[in-house]
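Fold and geometry: a report
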Amino acid sequence: MEAKKGGVWRYIQRSREGDEIAFNGVYHEIVTPERIISTFEFEGWAGNVGLIVTTFAEQEGQTLLKELSIYPSVEARDATVASGMEGGAIESLDRFEEVLARS
């Protein structure tokens with residue numbers, strides 16, 4: 001991850017069975033500590049690039065994270081949702097919460 005404007009990121013997830021899936025994107029804006037705007041692409045479906053706006057705000061002494069995903073078409077959005085990405089996103093955020101709790 002190159003967390004700067006124009007920087008790129010890429011990560012690979014491995015299932016318990018050893019299957020791999022990869023994702024990548026480019027950072028377009030980073031406003032610390034308020035907002036990150038970047039692209040998101042699942043490498044198994046090249047060309048379906050989403051724009052992701054992540055915001056952070058203080059709420060009652062905690063950080064509220066919101067993420068807005070924008071896709072180039074309704075069909076691309078619907079296909080992304082139908083892929084099961086919601087479950088993966090929830091799992092990733094649950095793991096992130098666990099890491100933060102240990103800090």
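Basis of the calculations
- Counting restarts for each chain: residues are numbered from 1 in the order of the written sequence.
- Whole-chain, interface and lining totals are the exception, using all residues; otherwise, since this is a predicted model, local features are given only for residues with pLDDT of at least 70 and side-chain atom pairs are given and counted only at 80 or more.
- Hydrogens and water molecules were not included; the side-chain quantities draw on all heavy atoms of the structure.
- Note on conventions: DSSP H or I runs of at least 4 residues are helices, E runs of at least 2 residues are strands, and numbering of each starts at the N terminus.
- Exposure is judged per residue with a 1.4 Å probe applied to protein chains only, and the accessible area is read against the type maximum: over 50% gives exposed, under 20% gives buried, and values in between give partly exposed.
- We call two residues contacting when some pair of their heavy atoms lies within 4.5 Å.
- By definition, a salt bridge exists where a carboxyl oxygen of Asp or Glu is found within 4 Å of a side-chain nitrogen of Lys or Arg.
- Any Phe, Tyr or Trp ring, taking Trp's six-membered ring, that has another such ring centre within 6.5 Å forms a pair; planes under 30 degrees apart are called stacked, those over 60 apart edge-to-face, and the others tilted.
- For two strands to be treated as a pair, DSSP must find no fewer than two bridges joining them.
- Axes here refer to lines fitted to C-alpha atoms; in helices the fit is confined to the stretch in contact. Angles between the N-to-C directions go from 0 to 180 degrees.

Concerning the overall build of the chain
Helix and strand counts for the chain come out as two helices and five strands. Reading the secondary structure of the chain in the N-to-C direction produces β-β-β-β-β-α-α. Per-residue burial over the chain gives 17% buried out of 103 residues. For the chain, the share of sequence-separated contacts (at least 6 apart) that also reach a separation of at least 24 residues comes to 14%.

Description of the pattern of salt bridges
Applying the stated criterion to the full structure yields five salt bridges. In this structure, the salt-bridge partner of Glu 43 is Arg 10, at a minimum N-O distance of 2.8 Å. Of this pair, Glu 43 sits in the loop between strand 3 (35–42) and strand 4 (49–59) while Arg 10 sits in strand 1 (residues 8–14), and the two are 33 residues apart along the sequence. For the salt bridge of Arg 95 with Glu 91, the shortest nitrogen-to-oxygen distance reads 2.8 Å.

Focus on the packing of aromatic side chains
Within the structure shown, the criterion is met by five aromatic pairs. Through a chain of ring-to-ring contacts, the aromatic side chains of Trp 9, Tyr 11, Phe 23, Phe 40 and Phe 42 assemble into a single cluster.

A word on the sheet that holds strand 4
In a beta sheet, neighbouring strands pair by backbone hydrogen bonds and run either parallel or antiparallel. Ordered in space as 1-2-3-4-5, the five strands form an open sheet in which the pairing is antiparallel. Each of the sheet's edge strands pairs with one partner strand only, and the pair in question is strand 1 and strand 5 (62–70). Each strand axis lies, on average, 25° off the axis of its neighbour in the sheet, ignoring direction. Relative to strand 4, strand 3 runs antiparallel, the two being bridged by seven bridges. Within the sheet, the bridge partner assigned to Ile 37 lies in strand 4 and is Val 53.

Notes on the environment of Gly 61
Of note, Gly 61 is situated in the loop between strand 4 and strand 5. Look at Gly 61 and you get exposed, because its relative accessible area is 64%.

Let's talk about the pairing of strand 1
On a regular strand, one side chain projects to one face of the sheet and the next to the other, so that they alternate. Direction of pairing for strand 1 relative to strand 2 (residues 20–31): antiparallel, over a ladder of seven bridges. Its bridge partner lying in strand 2, Ile 12 is registered against Ala 22. Once strand 1 ends, the chain turns through five residues before running back antiparallel as strand 2, passing Gly 18 with a positive phi of about 95°.

Some points on the side chain of Ser 38
Structurally, the position occupied by Ser 38 is in strand 3. The residues touching Ser 38, leaving out its near neighbours within four places in the chain, are Trp 9, Val 26, Tyr 27, His 28, Gly 50, Leu 51 and Ile 52.

So, the pairing of strand 5
Direction of pairing for strand 4 relative to strand 5: antiparallel, over a ladder of nine bridges. Among the inter-strand pairings, Gln 59 is bridged to a residue of strand 5, identified as Gln 62. Taken together, strand 4 and the strand that follows it, strand 5, pair antiparallel across an intervening segment of two residues, in which Glu 60 is found at a positive phi of about 55°.

So far we have only geometry, and geometry alone does not tell us how the molecule works.
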